[in-house]
Amino acid sequence: MIMITNIQQRIKSKTQLVSWQSIMADAVTRVDELLSILQLPPEPRANQNSGFSLRVPRGFVSRMQLNEPNDPLLLQVLPLERENQNTAGYVFDPVGDLKVMPEPGLLHKYQGRALLVTTGACAIHCRYCFRRHFPYSEANTGKGNWEQSLAYIKKNPGITEIILSGGDPLALSDQRLATIIKSLTALSQIQRIRLHTRLPVVIPERVTPTLLQLLSNLPQAVMVVHINHPNELDESVYTAMHELRKAGVTLFNQAVLLRGINDNENTLIELSEKLFRNGILPYYLHLLDPVQGAQHFAVDPSRVQILQTHLMEHLPGYLVPKLVREIAGEASKTPITNSIYP
Ligand SMILES: *Cc1c(COP(=O)(O)O)cnc(C)c1O
Ligand code: SF4
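Residues numbered from 1 in each chain as written. Chains lettered and ligands numbered in written order. Predicted model: local features only at pLDDT ≥ 70, side-chain atom pairs only at ≥ 80, totals over all residues. Heavy atoms only, no water.

> Help me understand the overall build of the protein chain, please; the structure alone is not making it clear to me.
Along its length, the protein chain carries 11 helices and 9 strands. On the principal axes, the C-alpha backbone points of the protein chain span a range of 60 × 50 × 40 Å. Out of the 342 residues belonging to the protein chain, those deemed buried represent 51%. Put simply, 81% of the contacts in the protein chain that link residues at least 6 apart link residues at least 24 apart. When the accessible surface of the protein chain is totalled, it reaches about 16300 Å², and 54% of it is carbon and sulfur. (Helix = DSSP H or I, 4+ residues; strand = E, 2+ residues; numbered from the N terminus. Buried < 20%, exposed > 50% of the residue type's maximum accessible area, 1.4 Å probe, protein only. Contact = heavy atoms within 4.5 Å. Areas by Shrake-Rupley, 256 points an atom, 1.4 Å probe, with all protein chains shown as cover.)

> Looking at this structure, how should I read the site of ligand 1?
Lining the immediate environment of ligand 1, one finds L107, K109, Y110, R113, L115, I163, R194, Y283, Y284, E326 and K333. Residue R113 places a side-chain N or O atom 2.6 Å away from an oxygen atom belonging to ligand 1. With respect to ligand 1, the side chain of K333 contributes an N or O atom lying 3.0 Å from an oxygen atom. Burial of ligand 1 by the protein amounts to 93% of the accessible area it has alone, namely 390 Å². (Near = heavy atom within 4 Å. Polar contact = N/O pair within 3.5 Å; in protein donor to acceptor, adjacent residues only side chain to side chain.)

> Looking at this structure, how should I read the environment of D93?
By secondary structure assignment, the location of D93 is in the loop between α4 (74-77) and β1 (106-110). According to the relative accessible area criterion, D93 is partly exposed, its value standing at 24%.

> How should the site of ligand 2 be read in this particular structure?
In the neighbourhood of ligand 2, the contacting residues comprise C122, I124, C126, C129, G167, R198 and H226. When grouped by side-chain class, the residues that make up the shell around ligand 2 number 4 nonpolar, 2 polar and 1 charged. (Nonpolar A, V, L, I, M, F, W, Y, C, P; charged D, E, K, R; others polar.)

> Please explain the packing of aromatic side chains as it appears in this structure.
How two aromatic rings sit relative to each other is given by the distance of their centres and the angle of their planes. Here the structure, examined in full by the defined rule, presents 5 aromatic pairs. Measuring from ring centre to ring centre gives 5.5 Å for F252 and Y283, while their planes differ by 40 degrees; the resulting arrangement is tilted. With F252 in strand β6 (residues 250-256) and Y283 in strand β7 (residues 281-286), this pair connects stretches of sequence that are 31 residues apart. An aromatic cluster of at least three residues, connected via ring pairs, comprises F252, Y283 and Y284. Its end group placed over the ring of F134, R131 keeps NZ or CZ at 5.9 Å from the ring centre. Residue placement shows R206 over the ring face of W20; its charged tip is 4.0 Å from the ring centre. (Phe/Tyr/Trp six-rings, centres within 6.5 Å; stacked < 30°, edge-to-face > 60°. Lys NZ or Arg CZ within 6 Å of the ring centre and 35° of its normal.)

> Whenever I open this one, the sheet that holds β1 confuses me. Can you help?
Backbone-to-backbone hydrogen bonds pair the strands of a sheet. The strands run either parallel or antiparallel. An order of β1-β2-β3-β4-β5-β6-β7-β8-β9 is seen for the 9 strands of this open sheet, with the pairing classed as mixed. Only two strands of the sheet have a single partner each, and these edge strands are β1 and β9 (334-335). Of the pairings in the sheet, the one linking strand β8 (residues 322-325) to β9 comprises 2 bridges and is antiparallel in character. Directly across from V324, in β9, lies its bridge partner P335. (Pairing = 2+ DSSP bridges.)

> Looking at this structure, how should I read unusual backbone geometry?
A negative phi angle characterises most non-glycine residues, just as the trans form characterises most peptide bonds. Of note, the amide linkage connecting G166 to G167 takes the cis form, showing an omega dihedral of 15 degrees. Within the element layout of this structure, G167 appears in the loop between β3 (161-165) and α6 (174-185). A positive phi angle is found at Q39, which is not glycine, with a value near 55 degrees. Note on Q39: relative accessible area 47%, which makes it partly exposed. Within the chain, N67 stands out as a residue other than glycine whose phi angle is a positive 60 degrees.

In structure tokens form, the structure reads like this:
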């Protein structure tokens, strides 16, 4: 009896594993297919052959409105010709990642925490991504680099928290994740493991029983998801977040302020309220990093101040995300304040 149950469980987790990976592989990658699913006419401004290709899982597409060329989810993923324009100040490494990389794929920018670029793969390609030009093939924690990164962390006992990032760390198999996490938690200095991921949002099926088991075994597991618009949250995401919370994972959200997508009062208020209903606290609202290709998403600074004041006046303090921008070389993210002090 026990054996049969074990086998059934194994079969169950195996099919789920195949399932999120095949969902990820089955993403929409052609502009014309995406537009036709959404019942939209051909878009002359779209770029079919972008070097940073279209990639969007079908479940995420199903949360987009039909017949709406300005849908806020669609605008996050549709490659446009204008991304090829060059604008002064918009660069390939906008936050200075490559200057704080002591080992390939290990970023040590701030005190007490270090970030591992575990993979270059993502389930979705976000047009405004600040790492859209990151040299993933040379600089990731995979293959030969992993031992070096681990040795660096050991040599720096002040590092007590490791952020698994990418790309998307949950694009790795549960087995690979378990190996990485096991090596890290074997170091007595490590108190927390944090994952920066968009996968449970765009493919909620990624939250497998094996992953939940792995995270529930950690003394302190933190997950920072990435949701920019309330329409990204549906019933399937709710279920995944609920499971993560049951496994003892603390959930935060980081969003990017994006022109035409979430740069209005009601959207941001609804986002915070809906995050909270899903068991997630707002963490950061990032100003756009000036990465080459994303200039059309920038929000005017005067508008930013108005939005921030509005959020503070209409939401409880714990639902107002910290508005920040990242300046290369600074010791932390830089807060944007409405302070009366200069
Ligand atoms: C943003 C970032 C972190 C995390 O910063 P927190 O303020 O702790 O969220 C860590 N490392 C790098 C390289 C980062 O860019
Ligand atoms: S999921 Fe994150 S790392 Fe991947 S493309 Fe989007 S913003 Fe960039």
